[in-house]
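Here are the chains, one letter per residue:
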Amino acid sequence: MTKTTNMKDILPAFPEENIDMFAATSVLQQQAAEIRNLNPNWSSYLQSQMISQEVFDFISAYDVTDAKGQFLINHRPQSAKAFFSLLEHISKESTIQYVLVLIDDLLTEDRSRVEIFHEYALKKNEPVCGNFLNLLNAADGFINNMSARIIAKFACYSTDLINQTDLQFYLNWIKEQLLSANNEYMQSVARCLQMLLRRDEYRTAFISVDGISTLLSILSGRVNFQIQYQLIFCVWVITFNPRFAERMNKFNVIPILADILSDSVKEKVTRIILAVFRVNYNSSIISPNLIEKPEDNTTSKDHCIAMVQSKVLKQLSIFEQRKFDDEDIVEDIQFLNERLQASVQDLSSFDEYATEVRSGRLEWSPVHRSAQFWRENASRLNEKNYELLRILVHLLETSRDPLFLSVASFDVGEYVRHYPRGKHIIEQLGGKQLVMQLLSHEDANVRYEALLAVQKLMVHNWEYLGRQLEKEQGTSTDRTTALTGKA
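Residues numbered from 1 in each chain as written. Predicted model: local features only at pLDDT ≥ 70, side-chain atom pairs only at ≥ 80, totals over all residues. Heavy atoms only, no water.

For the protein, the name recorded in an unreviewed UniProt entry is V-type proton ATPase subunit H, with Aphis glycines as its organism. The UniProt entry for the protein carries the following text under Subunit (unreviewed entry): "V-ATPase is a heteromultimeric enzyme made up of two complexes: the ATP-hydrolytic V1 complex and the proton translocation V0 complex." (UniProt positions renumbered as here; feature names shortened; annotations may be inferred.)

Okay, structure coming up:
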């Protein structure tokens, strides 16, 4: 068990976060309200020797007292032992559900009570989450998700971190649940992740299990606004780690959130996206508060270009005409608008092109068709070990979007046309074969662009060819003159 400093909520709280993280509107809470009305027969478990006399005395008294807080104080050493024993020795689903609700309620009432369980686990030299992790595999959905909720509280409310093995298991379970189709507990699972990612140590672990890609794959699909808000909140929290904030654009965070922003009708979704963009722009964070990023910072510049290309500036101008009740939204709109407008003036055409390629979302922006752009910048595609060329080749290999394939094919052809060794480099990167395969693509535009690119790949030296054509035309004219005697 790893020790860390006592971590209170260091992140700015949105209004929705000021209430219990697990809203009573969720399926889990609706079911919990019904389960609280159960009346387990504790005597039957004692008579069948499933629980000890000590556990029976504790739970039968705790269950009926109205002063549960004082009871826990008076019976602190017995509390965790009794609850853990009940979970270990009882198999009836309804009783397990009831015990889980009791534990969750006492933690909700007072966060510091997690230490009751941590102290007992430390004394027994066993992981505090062990029983609850086992229950994640139970057949009952309520048991799974209430256990997950309790684990999140153990992980976040205590001064101790849960161990890495348990954390990895828990995070992978969360990922599976988020990706599970028609999961009625989706909101509860997302709430667990919202809690967990408030601690930087858990953000690092979530990144290591490919967590960001999981969030973005869900956000790229059709989900309701509540899930959008919760998962974007998770993205926002992750960006409070400066190392991750700098890498966010590599995951296409900005284009995906920009698409949601343009369609959003819920103010809280708009607000959380703008907050992510602001953090992305100011991705140097040295304290719980945002610190303004230097204007010449490369990361901020890349984020800015990505926002401009994703039509965020246009959306901000639309927002300026709307009335928002939340002052934070108005402030973020003004801040982003001013910064993006200023940055647009400083953007080079290559900056725009590089960011577009890195985003993986190609379109027929003006630079692609500009001969001047390719004359001046073709050699720059060799920078950083052919980073941009490798991305283009990767798109040719993996993309199913006809537009992306068409633009990527065109760019490969223009690179070869304007860089003397381009043909050799593209062949080494595997691009030539991929372009040739597109000659039989079902989309006519893709076939056309692939054909043009192949033609350019087949010509060794465009400038040499041009001079040769001029020379041949000149020689032909001289011969005609000599034969006809006409000048």
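Before going further, it helps to spend a moment on the overall build of the protein. Looking only at helices and strands, the protein has 29 helices and two strands in total. Counting every position in the protein, which comprises 487 residues, the buried fraction comes to 52%. Put simply, of all contacts in the protein between residues at least 6 apart along the chain, 71% involve residues at least 24 apart. Of the roughly 23,700 Å² of accessible surface on the protein, 49% is carried by carbon and sulfur atoms. (Helix = DSSP H or I, 4+ residues; strand = E, 2+ residues; numbered from the N terminus. Buried < 20%, exposed > 50% of the residue type's maximum accessible area, 1.4 Å probe, protein only. Contact = heavy atoms within 4.5 Å. Areas by Shrake-Rupley, 256 points an atom, 1.4 Å probe, with all protein chains shown as cover.)

One pass over the structure, following the stated rule, counts 22 aromatic pairs. Ring geometry for F233 and W236: centres 5.5 Å apart, planes at 55°, overall tilted. Taken together, the residues span about one helical turn, with F233 and W236 both in helix α14 (residues 225–238) at a distance of three residues. Taking the relative accessible area as the measure of exposure, W236 reaches 3% and is therefore buried. Note on Y353 and W374: the rings are 5.6 Å apart at their centroids and 75° apart in plane angle, and the pair reads as edge-to-face. Taken as a pair, Y353 in helix α21 (residues 349–359) and W374 in helix α23 (residues 371–377) lie far apart in primary sequence, 21 residues in all. Sitting above the plane of the Y62 ring, K68 keeps its charged end 5.2 Å from the centroid. (Phe/Tyr/Trp six-rings, centres within 6.5 Å; stacked < 30°, edge-to-face > 60°. Lys NZ or Arg CZ within 6 Å of the ring centre and 35° of its normal.)

Across all of its chains, the model carries 18 salt bridges by this definition. Between R271 and D326 there is a salt bridge, with the nearest N and O atoms lying 2.6 Å from each other. Note that R271 is positioned in helix α17 (residues 267–281) and D326 in the loop between α19 (312–319) and α20 (327–344), a separation of 55 residues in sequence. Each member of the pair, R271 as well as D326, is classed as buried. (Salt bridge = Lys/Arg side-chain N within 4 Å of Asp/Glu carboxyl O.)

This paragraph deals with the packing of helix α10 (residues 164–179) against helix α12 (residues 200–208). Taken N-terminus to C-terminus, the directions of α10 and α12 make an angle of 60°; their axes are 10 Å apart at the nearest point. For the element pair α10 / α12, the angle class is oblique. As for how α10 packs across α12, the hand of that crossing is right-handed. On α12, the residues that touch L167, Q168, L171 and K175 of α10 are Y202, A205, F206 and S208. For the contact of α10 with α12, the residue count by class is five nonpolar, two polar and one charged. (Axes fitted to C-alpha atoms, helices over the stretch in contact; angles between N-to-C directions. Parallel < 35°, antiparallel > 145°, perpendicular 65-115°, else oblique. Left-handed = near helix turned anticlockwise from the far one by under 90°. Nonpolar A, V, L, I, M, F, W, Y, C, P; charged D, E, K, R; others polar.)

What we call a disulfide is simply a covalent bond connecting the sulfur atoms of a pair of cysteines. For the structure on display, the rule yields zero disulfides. Cysteine C156 shares no disulfide, and the gap to the nearest cysteine sulfur, in C192, comes to 9.2 Å. (Disulfide = S-S within 2.5 Å.)

The grouping of M436, L439, L451 and M458 at the surface amounts to a nonpolar patch, some 330 Å² of accessible area in total. Turning to its location among the elements, M436 is positioned in helix α27 (residues 431–437). (Patch = residues over 30% accessible without salt bridge, like charges linked within 9 Å, V, L, I, M, F, W, Y side chains within 5 Å.)

Counting through the fold element by element, H368 comes out in helix α22 (residues 366–369). Separated by 2.9 Å, the side chains of H368 and D411 make a polar contact. Among all residues touching H368, those that are not within four sequence positions of it are Y353, E356, E363, W374, V407, F410 and D411. (Polar contact = N/O pair within 3.5 Å; in protein donor to acceptor, adjacent residues only side chain to side chain.)

Look at α14: 20 Å from first C-alpha to last across 14 residues, which is about the 20 Å you get at 1.5 Å a residue. Of all 14 residues in α14, 13 are buried, a share of seventy percent or more. With a side-chain oxygen positioned 3.0 Å from the backbone nitrogen of Q226, the residue opening α14 is N224. (Expected span 1.5 Å × (residues − 1).)

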